[in-house]
Amino acid sequence: MSAPAIQAALQQMQSLANQASATQAGRGQQLATSVGQGGFADALQSSVQKINQLQKKSDASLKAFQAGEPGVALNDVMVDMQKASIGFQMGVQVRSRLVTAYKDIMNMQV
């Protein structure tokens, strides 16, 4: 991983840590739960597209490494593959939760 990429990841982790500490400090307060203008369906669709992009990037970097292209390091390939794997696992978990919620709603008595 290059130095700017490491710095960007570090800054992102620090901002997430700051958000988490602010959330813990403000317990008992209402949190905004709106996704934005598009709603849940658009957020879900963009998440699936992001997972797809991660998988495509992982495949491309793996093929580039296997072809011996210069500038493609093994550690970058492994990081891309791990990101794609984690993204896919998250997508499967969200799908499972949605199916469970749907079944629970369908089994409710009216």
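Residues numbered from 1 in each chain as written. Predicted model: local features only at pLDDT ≥ 70, side-chain atom pairs only at ≥ 80, totals over all residues. Heavy atoms only, no water.

## Some thoughts on the overall build of the chain
Test applied: Helix and strand assignments come from DSSP, with helices taken as H or I runs of at least 4 residues and strands as E runs of at least 2, each series counted from the N terminus. Three labels apply to residues, based on accessible area from a 1.4 Å probe with only protein chains included: buried if under 20% of the type maximum, exposed if over 50%, partly exposed otherwise in between. Accessibility throughout is a Shrake-Rupley quantity obtained with a 1.4 Å probe, and a residue counts as covered only by protein chains that appear here.
Secondary structure assignment for the chain yields 3 helices and 0 strands. Ordering the α and β elements of the chain from the N terminus gives α-α-α. In the chain, buried positions account for 8% of the 110 residues. A total of about 9200 Å² of accessible surface is found on the chain, and carbon and sulfur atoms cover 58% of it.

## Brief notes about the pattern of salt bridges
Stated formally: Definition used for salt bridges: Asp or Glu carboxyl oxygen within 4 Å of a side-chain nitrogen of Lys or Arg.
This structure, assessed with the given rule, holds 1 salt bridge. A salt bridge links Asp80 to Lys57; the shortest N-O distance between them is 3.9 Å. Here the residue Asp80 occupies a position in helix 3 (residues 74-106), and Lys57 occupies one in helix 2 (residues 40-67), the gap between them amounting to 23 residues. Judged by relative accessible area, Asp80 falls into the buried class, the value being 11%.

## Focus: the confidence of the model for the chain
Rule in force here: For every residue, the predictor reports its confidence as pLDDT, a number between 0 and 100.
Across the chain, pLDDT averages 83, with 80% of residues at or above 70. Ranking the helices and strands of the chain by mean pLDDT puts helix 3 first, with 94, and helix 1 (residues 3-25) last, with 71.

## Quick notes on the side chain of Ser61
Note the threshold: Contacts: residue pairs with any heavy atoms within 4.5 Å of one another.
Relative to the helices and strands, Ser61 resides in helix 2. When its relative accessible area of 12% is taken as the criterion, Ser61 is described as buried. Residues contacting Ser61, with those up to four places away along its chain left out, are Val72, Val77 and Asp80.

## A look at the environment of Ala64
Relative to the helices and strands, Ala64 resides in helix 2. Note: C-alpha distance between Ala64 and Val77 (13 residues apart in sequence) is 9.1 Å.

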